[in-house]
There are 6 protein chains.
Amino acid sequence: MPLVVRNTPRTDLAVVDGLAHAGVATVHEAQGRTGLLRCDIRPIFRPARVAGNALTCEVAPGDNWSIHVAVEQAQPGDLLVVTPTSPCDDGYVGDLLAGSLLAHGVRGLVIDAGVRDVATMTEMGFPVWSKTISAKGTVKETPGNVQTPIVCGGGYVRPGDVIVADDDGVVVVRREEAATVLKAAQDREANEASKRTRLNRGELGLDIYKMRERLAERGLKYV
Amino acid sequence: MPLVVRNTPRTDLAVVDGLAHAGVATVHEAQGRTGLLRCDIRPIFRPARVAGNALTCEVAPGDNWSIHVAVEQAQPGDLLVVTPTSPCDDGYVGDLLAGSLLAHGVRGLVIDAGVRDVATMTEMGFPVWSKTISAKGTVKETPGNVQTPIVCGGGYVRPGDVIVADDDGVVVVRREEAATVLKAAQDREANEASKRTRLNRGELGLDIYKMRERLAERGLKYV
Amino acid sequence: MPLVVRNTPRTDLAVVDGLAHAGVATVHEAQGRTGLLRCDIRPIFRPARVAGNALTCEVAPGDNWSIHVAVEQAQPGDLLVVTPTSPCDDGYVGDLLAGSLLAHGVRGLVIDAGVRDVATMTEMGFPVWSKTISAKGTVKETPGNVQTPIVCGGGYVRPGDVIVADDDGVVVVRREEAATVLKAAQDREANEASKRTRLNRGELGLDIYKMRERLAERGLKYV
Amino acid sequence: MPLVVRNTPRTDLAVVDGLAHAGVATVHEAQGRTGLLRCDIRPIFRPARVAGNALTCEVAPGDNWSIHVAVEQAQPGDLLVVTPTSPCDDGYVGDLLAGSLLAHGVRGLVIDAGVRDVATMTEMGFPVWSKTISAKGTVKETPGNVQTPIVCGGGYVRPGDVIVADDDGVVVVRREEAATVLKAAQDREANEASKRTRLNRGELGLDIYKMRERLAERGLKYV
Amino acid sequence: MPLVVRNTPRTDLAVVDGLAHAGVATVHEAQGRTGLLRCDIRPIFRPARVAGNALTCEVAPGDNWSIHVAVEQAQPGDLLVVTPTSPCDDGYVGDLLAGSLLAHGVRGLVIDAGVRDVATMTEMGFPVWSKTISAKGTVKETPGNVQTPIVCGGGYVRPGDVIVADDDGVVVVRREEAATVLKAAQDREANEASKRTRLNRGELGLDIYKMRERLAERGLKYV
Amino acid sequence: MPLVVRNTPRTDLAVVDGLAHAGVATVHEAQGRTGLLRCDIRPIFRPARVAGNALTCEVAPGDNWSIHVAVEQAQPGDLLVVTPTSPCDDGYVGDLLAGSLLAHGVRGLVIDAGVRDVATMTEMGFPVWSKTISAKGTVKETPGNVQTPIVCGGGYVRPGDVIVADDDGVVVVRREEAATVLKAAQDREANEASKRTRLNRGELGLDIYKMRERLAERGLKYV
């Protein structure tokens, strides 16, 4: 039986926005190199960077009915995460649904399937990360779950987990860990800034990271 | 024996241009959700939108000889559709052939294989939808059929069928049905315009499309 | 035992730059249609065109340690070529390493794996050809060979071979043959220029290349 | 509107059986190297070899309703050919449907999607060529066309065309050409038999096919 | 920090064995068409059918260290489920580890990566479902989590969930629902038995499932 | 210009046969985890195990002419290694060529493309490792190089290098290193035998390989 779970918790948007600023690669490192979705989930336009509270939605193959159900559950700051119950390339979301999502404060879409009307969604500035682009629309025969935990792009996503997405891909941050991860990401950024300066002026990573001795231990030989 | 069929019928260019205006997703819906090519046939630059009469061409793997034969059969408003007789990623068409095609009024290219010189073809504004991009050129040893029905990108294409291509992909419209499909596409566009306005101002699809009762029948439960 | 080979020979940069100017498709034809890497090695931004002396580097799956080792071996005009010892999509290079590579005169990167920080590398104008884009960073546990011959993208690459890369893909030119290939590429370009003019004004390839008789011999029939 | 076309023509089963005997590779050559389906359509068990009259069926993604409709149209000697209207890996056919198809004289199944219960269908000896194997069953919400021309596995198939399938793949023979192709295939087999004997005792193809002179013309050099 | 969780709950082996008997396709239907892994996770030999309590294990790319850690946590009736933290094709498990797993009562292996020594594991009758087969062994540098929830093959798996695997693929059953699902699966099998008999003697699904009226409502037309 | 290099060196068949006995996984480890071909090069039947001296052959896409040229260069104990100059799935080798190869002492075939007549080649016991199976035959228009170094399946292969192939895949051993690698492989086998016994009777790898301390250093925690 398809289910809609109402009043699921969200992550504080200040934390969400901080994670967006840090970006996917940094957040991924900061939370112990976990949470990344499959790298074939790609943005339809670049550059793009956004974070939001996961608004989760399961769809039947070739059927986008539950996305309409999901819109009603949206809150400003959400990011829609859609996964089909079996692999499907159809274009589940187009410019009409994108307009509806924007009107409800949804910041973007991550979908392990296809989308269409990408020229219009690009003009609208509605950011989408999808497995493919397909003009194939969908039917409305089989509703699926809304706001239940799902697997999307090989990652486990619960409603209100933070989704961070940019040109490098998409990462999920557990709601309970979001503030801690943000702190770690900010520390990491600060640390990288000084490294960047040194590397850009030609210092070697071998020296900055003191790698030479450990490399010798691993048997690295110069000839 | 390779064959060139001359004087095949075309679709009226006013209809062709109307279908280009409607776009791939709308045309696909308007003709009963049929005729779409595989979604891995992608444009080499975006945005791009074009429609034309299919000028069909079969090629041997790694051999573009019959494309030269096809150019002579071109008429203004045609769109070249090329399929290899077995899967091949080679770059069958580059800037020289693109210039030749443009000189004969050909509006673009759909090919279930690769193309090359994509930087130059982008500058020329010659729109191409291909399976891949490859610098690998081709030989001229084995001619294939020109202007016979072919399967390209999983779609059946006859000479003079209408090919509509944009950022969402490529769709084929049967010549005999082109005028009817255009009418249906225009009706659909008009219908969508009012929906778009309502969705953009926050009305729910659930209400606009009166989905609530039918969803309840399908067992959708809110918790 | 991992090895770093020092003082490998390079190709004269005048030849390298000439090959960049000719471009991948022309160079590939000019050297007898050989040397092309797999066509799924794609640029992270377009347009891009560069050539350089191959600075080769093997990496373990999910481990970019030897890239740090490679930076020390770099000379101005080099182009880093990285291949994992088994297939891996991780993001081996990001903006920090790109900055370090640029500081050492490295012109770009070809990698049969993933990269990250593509938004920043695009802003920096650091050209990269990669199999994928992934935010997944790498560890530093297992060093690999630097400046030994490798297979990357299905092509055999030795240190100091010339790598030419543009929007069409990547081609390798043997160091010993680079000057000869440059000459052949320039001849080819000159020859193509006149063909281009004739094709652009509507002359048929069938006539320019005198194909009609040979096509008839192959049995081509017009109906 | 979904359509069922009744009383479509079939090919004479004597011809069909002759083509099965010749096998896919020979039939493909005998009809001018055309008609092969994509090579990712593979048998679920080997060895397997069968031919039949195409009983065509279109299905919605994740929906096998029209296969039930197709069974009623079956005649002994048919081979069911199923294609989804957009790519889908679901398991459309299992042992129940296989039993039903066998009861109606259907000789096997070619499907550009998935099947399930492959252990049982293997025991039953019901031959299937499919794109994948998936335990995912299907719904019954959207009927599709039965006995209309379709594209399956990249090949164009009309009801009553002959489908020949074996361990090498699947080939389609036009109904009108089936007798001619059978004759050509039988000639080819006879011709190959003597070649086989000579090759098996060590004669070189270079001599049997008199290739040496033509190879020299193409510039082949021995060093 | 890598973690090993000890003393995780298991599902009663009587239930586990009942689910094995029902098979993947039936179990998948019985639990509402959920829980299936990606269909590219395939058995290394056929026929094979097994069920067990999930013993979960995360591995770094190219590194099987934590599998050795997992063996110590094994209990009779377990089935090892392994997922890499980023996609990897390497052969993580060979005959030595298979022997060790068998010695500890582990019934089989599901892995979203590669395995090796498949000839020997086939002789041993150790059933494996993997994404690929690769002779590439792995290092022991980076341990991962053991007995924590993971995503494997696109499915969410917790320690002690039931894994059912056969020739059709792999399905996960939540520990809490295992007894209920088993009951539903057995009901389904009983129901299918009578259908099978009727279909095998030629009755049509159209009649058994009373589909004709509903098909007419959907507009199905016979011509 | 296509080239045939005659009288290339071979590896002593006693060494070749020893490597076959060790098998691919062991040989790969024994030579420092190098030389493996891509894991999508798979045997057409299992079990299969063979080793031979590489007889190398380049082919144009869809063209097997140079394989006929290669047969003449064969010596007993050779194993034919074929690579297309651009990716191609066609069936380059069938039962006729297999018979010819066998007659000249060739032990098997590794090909980064397709083969056909796999049922017959299975009956003949002619072992083949290929990227795909396809009934699509090839033409004879463009000869390629024979007995020159090639890249096949992502591996660099020179004439007379040893190719070892079994159910796990294919590995290349440099001719100069073959005897050393054989010795290392035999040592490895002896070493593994005692490990196997201990693992099979339930000793833990953690203890046999003394991993506990190093795991603790890496931070592994039990909870």
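Residues numbered from 1 in each chain as written. Chains lettered and ligands numbered in written order. Predicted model: local features only at pLDDT ≥ 70, side-chain atom pairs only at ≥ 80, totals over all residues. Heavy atoms only, no water.

**Re the relation of the copies chain A and chain B**
Part 1 of the argument: Take chain A, turn it by 120 degrees, move it 0.0 Å along the axis, and it overlays chain B with an RMSD of 0.0 Å. Here the copies are linked by what is in effect a three-fold axis. (Least-squares fit on C-alpha atoms with pLDDT ≥ 70 in both.)

**A closer look at the interface of chain A and chain B**
Part 1 of the argument: On the side of chain B, 32 residues touch chain A, which itself brings 38 residues to the contact.
Part 2 of the argument: Of the roughly 3,100 Å² buried between chain A and chain B on both sides combined, carbon and sulfur atoms contribute 58%.
Part 3 of the argument: On the surface where chain A and chain B come into contact, there are 5 salt bridges.
Part 4 of the argument: Two residues, Glu72 of chain A and Arg212 of chain B, come together in a salt bridge whose shortest N-O distance is 2.9 Å.
Part 5 of the argument: At the surface where chain A touches chain B, the tally comes to 17 residue pairs in polar contact (both at pLDDT 80 or more).
Part 6 of the argument: Those elements giving two or more residues to the side of chain A that touches chain B turn out to be strand S1 (3–4), helix H3 (65–73), helix H4 (95–103), helix H5 (118–124) and strand S7 (128–133) of chain A.
Part 7 of the argument: Of the residues belonging to the side of chain A that touches chain B, the class tally is 17 nonpolar, 12 polar and 9 charged.
Part 8 of the argument: Here 2 bridges tie S1 of chain A to strand S12 (residues 221–222) of chain B, and the two strands are oriented parallel to one another. Bridged to Leu3 of chain A within S12 of chain B is Lys221 of chain B. (Contact = heavy atoms within 4.5 Å. Buried area = accessible area lost by both parts, 1.4 Å probe. Salt bridge = Lys/Arg side-chain N within 4 Å of Asp/Glu carboxyl O. Polar contact = N/O pair within 3.5 Å; in protein donor to acceptor, adjacent residues only side chain to side chain. Helix = DSSP H or I, 4+ residues; strand = E, 2+ residues; numbered from the N terminus. Nonpolar A, V, L, I, M, F, W, Y, C, P; charged D, E, K, R; others polar. Pairing = 2+ DSSP bridges.)

**Notes on the relation of the copies chain D and chain B**
Think of it as a corkscrew move, a rotation about one axis and a shift along it, taking one chain copy to the other.
Part 1 of the argument: The two copies are related by a screw motion: chain D maps onto chain B through a turn of 180 degrees and a shift of 0.0 Å along the axis, at an RMSD of 0.0 Å. Viewed as a symmetry operation, the transformation between the two copies matches a two-fold axis. Across chain D, the rotation axis passes nearest the C-alpha of Gly154 of chain D, at a separation of 2.5 Å.
Part 2 of the argument: The fraction of interface residues of chain D whose copies in chain B are also interface residues reaches 100%, indicating that both copies meet through the same surface.

**Some details on the pairing of strand S11 (residues 169–173) of chain B**
Residue and element names in this part refer to chain B.
Part 1 of the argument: Taken across its 5 residues, S11 has 5 buried, putting it largely inside the fold.
Part 2 of the argument: Pairing analysis gives 5 bridges linking strand S10 (residues 162–166) to S11, with the strands arranged antiparallel. Across the sheet, the residue bridging to Val162 is Val173, located in S11.
Part 3 of the argument: Connecting the antiparallel pair S10 and S11 is a turn made up of 2 residues. (Buried < 20%, exposed > 50% of the residue type's maximum accessible area, 1.4 Å probe, protein only.)

**What about the interface of chain D and chain B?**
Quoted interface sizes are often the accessible area lost when the parts come together.
Part 1 of the argument: Taken together, the 6 residues of chain D in the interface contact 6 residues of chain B.
Part 2 of the argument: At the surface where chain D touches chain B, the tally comes to 2 salt bridges.
Part 3 of the argument: The partner of Arg218 of chain B in a salt bridge is Glu141 of chain D, and the shortest N-O contact between them spans 3.5 Å.
Part 4 of the argument: In this structure, the connection of chain D to chain B is made through 2 residue pairs in polar contact (both at pLDDT 80 or more).
Part 5 of the argument: Counted by class, the side of chain D that touches chain B contains 2 nonpolar, 2 polar and 2 charged residues.

**Structural notes on the confidence of the model for chain A**
Part 1 of the argument: Of all residues in chain A, 100% attain a pLDDT of 70 or more, and the chain-wide mean is 97.
Part 2 of the argument: For this predicted complex, the interface confidence score (ipTM) comes to 0.95, while the overall pTM stands at 0.96. (pLDDT = per-residue confidence, 0-100.)

**Re the state of the cysteines**
Part 1 of the argument: Taken as a whole and judged by the stated rule, the model has 0 disulfides over all chains.
Part 2 of the argument: Cysteine Cys152 of chain C is unpaired, with the sulfur of Cys57 of chain C as its nearest cysteine sulfur at 10 Å. (Disulfide = S-S within 2.5 Å.)

**So, the packing of aromatic side chains**
Part 1 of the argument: If you walk through the whole model with that rule in mind, you get 3 aromatic pairs over all chains.
Part 2 of the argument: Measuring from ring centre to ring centre gives 3.4 Å for Tyr156 of chain A and Tyr156 of chain E, while their planes differ by 5 degrees; the resulting arrangement is stacked. Taken together, the residues Tyr156 of chain A in strand S9 (residues 155–157) and Tyr156 of chain E in strand S9 (residues 155–157) connect one chain to another.
Part 3 of the argument: Among the residues examined, Tyr156 of chain A registers a relative accessible area of 18% and is labelled buried. (Phe/Tyr/Trp six-rings, centres within 6.5 Å; stacked < 30°, edge-to-face > 60°.)

**So, unusual backbone geometry**
The general pattern is negative phi for most residues beyond glycine and trans for most peptide bonds.
Part 1 of the argument: Looking along the chain, the bond that leaves Arg46 of chain B and enters Pro47 of chain B is cis, with omega of -5 degrees.
Part 2 of the argument: Take Pro47 of chain B: it is sitting in the loop between strand S2 (42–43) and strand S3 (50–59).
Part 3 of the argument: Here Asp117 of chain A, not a glycine, exhibits a phi torsion of approximately 60 degrees, which is positive.
Part 4 of the argument: Mapped onto the elements of the fold, Asp117 of chain A is located in the loop between strand S6 (109–115) and H5.
Part 5 of the argument: Since its relative accessible area comes to 18%, Asp117 of chain A is described here as buried.
Part 6 of the argument: In this structure, Arg33 of chain D takes a positive phi of about 60 degrees despite not being glycine.
Part 7 of the argument: The residue Arg33 of chain D is located in the loop between helix H2 (24–30) and strand S2 (42–43) in this model.

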